[in-house]
Amino acid sequence: MVILHVIFGIRCIGKINDNLEQQAQTVFKEIFAHKIKNVSEIDGKPLGTLIDIVDNRGKTPPSSNEKNEFPILDVGALNSVGRIIDYKNCTKYVDEQTYSTFFRDGHPHENDILLSTVGSLAQMKFFKGDKGCIAQNVVAFRTLSISPFYLYEYLKFIKNDLLAYDIGSVQPSIKVTHIIKHLIYIPKHEDLSKFDSCAKTITEQIYNHVCENERLIALRDSLLPKLMSGELDVDSVQI
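Below: a short report on this structure. Residue positions within a chain follow its written sequence, with the count starting from 1. The predicted origin of the model limits local features to residues at a pLDDT of at least 70 and limits the giving and counting of side-chain atom pairs to 80 or more, whereas totals for whole chains, interfaces and linings rest on all residues. Excluding hydrogens and water, the side-chain figures rest on all heavy atoms present in the structure.

Section: the overall build of the protein
Link 1 in the chain: Scanning the protein from N- to C-terminus turns up seven helices and six strands.
Link 2 in the chain: Elements are defined by DSSP. Helices are runs of H or I of four residues or more, strands are runs of E of two residues or more, and each kind is numbered from the N terminus. Counting from the amino terminus, helix and strand elements in the protein follow one another as α-β-β-α-α-β-β-β-α-α-α-β-α.
Link 3 in the chain: Referenced to the eigenvectors of the C-alpha coordinate spread, the extents of the protein come out at roughly 70 × 40 × 30 Å.
Link 4 in the chain: Counting across all 239 residues of the protein, residues that qualify as buried make up 42%.
Link 5 in the chain: Any pair of residues with heavy atoms lying within 4.5 Å of one another is described as a contacting pair. A separation of at least 24 residues holds for 79% of the contacts in the protein among residues at least 6 apart in sequence.
Link 6 in the chain: Note on areas: Shrake-Rupley, 1.4 Å probe, and residue coverage restricted to the protein chains presented here. Carbon and sulfur atoms make up 51% of the accessible area of the protein, which totals about 12,800 Å².
Link 7 in the chain: Charge counting treats Lys and Arg as positive and Asp and Glu as negative, with His and both chain ends excluded. To locate a charge, take atom NZ for lysine, CZ for arginine, CG for aspartate or CD for glutamate. Both charge centroids of the protein, one from 27 positive and one from 30 negative side chains, sit 5 Å from each other. The buried label applies to any residue whose accessible area, calculated with a 1.4 Å probe on protein chains only, is under 20% of its type's maximum; exposed applies above 50%, and partly exposed to all values in between.

Here we look at the pattern of salt bridges
Link 1 in the chain: We define a salt bridge as a side-chain nitrogen of Lys or Arg found within 4 Å of a carboxyl oxygen belonging to Asp or Glu. Enumeration according to the criterion identifies nine salt bridges in this entry.
Link 2 in the chain: Of the charged contacts, one joins Arg83 and Glu21 as a salt bridge, the two residues approaching to 3.0 Å between their closest N and O atoms. With Arg83 in the loop between helix 2 (75–78) and helix 3 (96–101) and Glu21 in helix 1 (residues 2–36), this residue pair connects regions lying 62 residues apart in the sequence. Glu21 matches Arg83 in its accessibility class, with the two residues each being buried.
Link 3 in the chain: For Arg215, the salt bridge is made with Glu212, and the minimal N-O distance between the two is 3.0 Å. Taken together, the positions of Arg215 and Glu212, both in helix 7 (residues 189–229) and three residues apart, correspond to about one turn of that helix.
Link 4 in the chain: Relative accessible area serves as the criterion here: at 39%, Arg215 is assigned to the partly exposed category.

A short note on the sheet that holds strand 5 (residues 138–143)
Link 1 in the chain: One requirement defines pairing of two strands: DSSP has to find at least two bridges between them. Taken in spatial order, the four strands line up as 2-5-3-4 in an open sheet, and their pairing is antiparallel. Sheet topology places strand 2 (51–54) and strand 4 (124–126) at the edges, where each strand pairs with a single neighbour. Averaged over all pairs of adjacent strands, the angle between strand axes in this sheet comes to 25 degrees, irrespective of strand direction.
Link 2 in the chain: To get an axis, fit a line to the C-alpha atoms, keeping to the stretch in contact for a helix; angles then go from 0 to 180 degrees between the N-to-C directions. Packed on one face of the sheet, helix 4 (residues 148–157) meets strand 2, strand 3 (113–116), strand 4 and strand 5 and runs near 165 degrees to strand 4.

Quick look at the nonpolar core
Link 1 in the chain: Formed by 38 residues in total, the largest nonpolar core has its most connected members in Phe141 and Tyr150.
Link 2 in the chain: At the level of secondary structure, the elements contributing two or more residues to this core comprise helix 1, strand 3, strand 4, strand 5, helix 4, helix 6 (176–179), strand 6 (183–185) and helix 7.
Link 3 in the chain: In this view, Phe141 contacts Leu47, Ile51, Asp52, Ile53, Asp112, Ile113, Leu115, Leu155, Val176 and Ile179; residues no more than four positions away in its chain are not counted.
Link 4 in the chain: Among buried residues, the Ala, Val, Leu, Ile, Met, Phe, Trp, Tyr and Cys ones that are joined through side-chain atoms within 4.5 Å form a nonpolar core. With 13 residues, the next largest nonpolar core counts Val54, Cys90, Tyr93 and Leu114 among its residues.

Topic: the side chain of Thr98
Link 1 in the chain: Within the element layout of this structure, Thr98 appears in helix 3.
Link 2 in the chain: The buried category is assigned to Thr98, whose relative accessible area is 9%.
Link 3 in the chain: Setting aside anything within four residues of it in sequence, one finds Thr98 in contact with Pro61, Pro62 and Phe103.

Overview of the packing of aromatic side chains
Link 1 in the chain: Ring pairs shown here join Phe, Tyr and Trp side chains whose ring centres sit within 6.5 Å, with only the six-membered ring taken for Trp; geometry is labelled stacked below 30 degrees between planes, edge-to-face above 60, and tilted in between. This structure, assessed with the given rule, holds twelve aromatic pairs.
Link 2 in the chain: Taking 6.3 Å as the distance between ring centres and 80 degrees as the angle between the ring planes, the aromatic pair formed by Phe28 and Tyr154 counts as edge-to-face. Linking Phe28 in helix 1 with Tyr154 in helix 4, this pair joins segments that are 126 residues apart in sequence. For the pair shown, Phe28 and Tyr154 are each scored as buried.
Link 3 in the chain: Judged by centre distance (5.6 Å) and plane angle (65 degrees), the ring pair of Tyr150 and Tyr154 falls under edge-to-face. Here Tyr154 and Tyr150 lie together in helix 4, a separation of four residues that amounts to about one turn.
Link 4 in the chain: An aromatic cluster of three or more residues is present, and its members are Phe28, Phe32, Tyr150, Tyr154, Phe157 and Phe195.
Link 5 in the chain: The ring of Tyr207 carries Lys128 above its face, with NZ or CZ at 5.5 Å from the centroid. The rule for a charge over a ring is simple: NZ of Lys or CZ of Arg within 6 Å of the ring centre, and within 35 degrees of the ring normal.

Next comes the structure, spelled out in structure tokens:
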């Protein structure tokens, strides 16, 4: 019975987060969609003027498959549903010395937007927590004069425009130098404030749910083998 509760909890959290994602997208579209489609230089600014870029591409860090607290957040880690990184998709890790010394632009900060530039293009995730590094095929956008929650939803909304920058021949690829020229609509303060308050709350709720889901998944994975072997007395398990 305990394991069924755990599995049910995992599924419920997934559905709740899907619903929260849809809420954020709906609110964004209701306020901004019609204005974004007609953005001009009068009411828009190039993306590059609104962000700093964390870009460690060019060299591949020494890594291993042995899991630790310093995962490489590559395209695979970004290629999942929702706005939060799925760390189960991380397959490579660096040691502490490499984490501290190798990456020329440093590491992502809270609420930086990670973007894939090669392969599965324009996959986006918020960086949450305090560990993780980016190198090949991923950059981080750190907002300067605009809300990260607004920019994240904006970039998701114009994803097809970003994909149109694809210059790849052997494999899909987009240049950051092209993307940062894209005009971003700058909303009125009251509109941005209204959306930002909603989107920030939703993002924090989703992140908390993801953390709880990771706990439940770890519990499920530890319980199942013991349950199958008869080692576990499920009546004694506390969730």
